Amino acid sequence: MDANLLGIFVTVAVAHFLALLSPGPDFVIVVKSAIRNSGKNALGVALGIATANAVYIGLCLIGVGSILAASVPIMITLKVIGGLFLIYLAVQAIRARKGGMKILMLLSLKYPTRPRLFANSAQALCLGY
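Since the model is a prediction, treat every value here as computed from it, not as a measurement. (Residues numbered from 1 in each chain as written. Predicted model: local features only at pLDDT ≥ 70, side-chain atom pairs only at ≥ 80, totals over all residues. Heavy atoms only, no water.)

Student: I'd like a description of the overall build of the chain, backed by residues and values.
Tutor: What the chain contains, in helices and strands, is seven helices and zero strands. Helices and strands in the chain line up, N terminus first, as α-α-α-α-α-α-α. Relative to its 129 residues, the chain shows a buried fraction of 16%. In the chain, once contacts between residues fewer than 6 apart in sequence are set aside, the share between residues at least 24 apart is 74%. Counting only carbon and sulfur atoms, one obtains 75% of the accessible surface of the chain, whose full area is about 9,400 Å². (Helix = DSSP H or I, 4+ residues; strand = E, 2+ residues; numbered from the N terminus. Buried < 20%, exposed > 50% of the residue type's maximum accessible area, 1.4 Å probe, protein only. Contact = heavy atoms within 4.5 Å. Areas by Shrake-Rupley, 256 points an atom, 1.4 Å probe, with all protein chains shown as cover.)

Student: Which residues make up the packing of helix 1 (residues 3-21) against helix 3 (residues 39-62), and what are the values?
Tutor: Where helix 1 meets helix 3, the axes come as close as 11 Å, and the angle between the chain directions of the two elements is 145°. Seen along the crossing, helix 1 lies across helix 3 with a hand that is right-handed. Counted together, Ile8, Phe9, Val12, His16 and Leu20 of helix 1 and Asn53, Ile57 and Leu61 of helix 3 form the full contact between these two elements. Class assignment of the residues belonging to the contact of helix 1 with helix 3 gives a composition of six nonpolar, two polar and no charged. (Axes fitted to C-alpha atoms, helices over the stretch in contact; angles between N-to-C directions. Left-handed = near helix turned anticlockwise from the far one by under 90°. Nonpolar A, V, L, I, M, F, W, Y, C, P; charged D, E, K, R; others polar.)

Student: Talk me through a nonpolar patch on the surface; I want residue IDs and the actual numbers.
Tutor: A contiguous nonpolar surface patch, about 660 Å² in accessible area, is contributed by Leu6, Phe9, Val10, Val14, Phe17, Leu18 and Leu21. Looking at the secondary structure, you find Leu18 in helix 1. (Patch = residues over 30% accessible without salt bridge, like charges linked within 9 Å, V, L, I, M, F, W, Y side chains within 5 Å. Salt bridge = Lys/Arg side-chain N within 4 Å of Asp/Glu carboxyl O.)

Student: Tell me about the packing of helix 2 (residues 25-36) against helix 3, and please be specific about residues and values.
Tutor: Contact geometry for helix 2 and helix 3: axes closest at 7 Å, N-to-C directions at 160°. Regarding the angle of helix 2 to helix 3, the classification is roughly antiparallel. Seen along the crossing, helix 2 lies across helix 3 with a hand that is right-handed. Judged by residue contacts, Asp26, Ile29, Val30, Ser33 and Ala34 of helix 2 engage Asn41, Ala42, Val45, Ala46, Ile49 and Asn53 from helix 3. Partitioning the contact of helix 2 with helix 3 into residue classes produces seven nonpolar, three polar and one charged. (Parallel < 35°, antiparallel > 145°, perpendicular 65-115°, else oblique.)

Student: Account for the confidence of the model for the chain, with residues named and values stated.
Tutor: Regions with low pLDDT should not have their predicted coordinates read in detail. The share of residues in the chain with pLDDT of 70 or more is 73%, and the mean pLDDT across the chain is 76. Highest mean pLDDT in the chain belongs to helix 5 (residues 72-95) (89); lowest belongs to helix 7 (residues 113-122) (51). Taken together, the stretch residues 124-129 has pLDDT below 50 and engages in 11 contacts with residues farther than four places along the chain or on a different chain. (pLDDT = per-residue confidence, 0-100.)

As structure tokens, this is what we get:
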């Protein structure tokens, strides 16, 4: 591996680590999981967050955004799919029952790693923007 690339990776990793120290949504979900569940579940949530962030950082470092920007049809297709997904989420949020949030919370307690892993992995769609 090139020394310059390794230096960039270490810089990004340190900046990412410092950003993780500040409280945010990921911090809140790990603490919530630790309070409501065992420490093992909180560790699983933290592992899911770290894994998704590592994938996202890796995609950024290899330049997926620039590759997508060079291919206009693929970029337009991804934007349309992303827009349709956002519309779907909006419709589902409008149609949701008030008790639906309770069911979602129960599912997130049963499978604590999966929602965060998906949510953080979905950030990779932002690479082209």
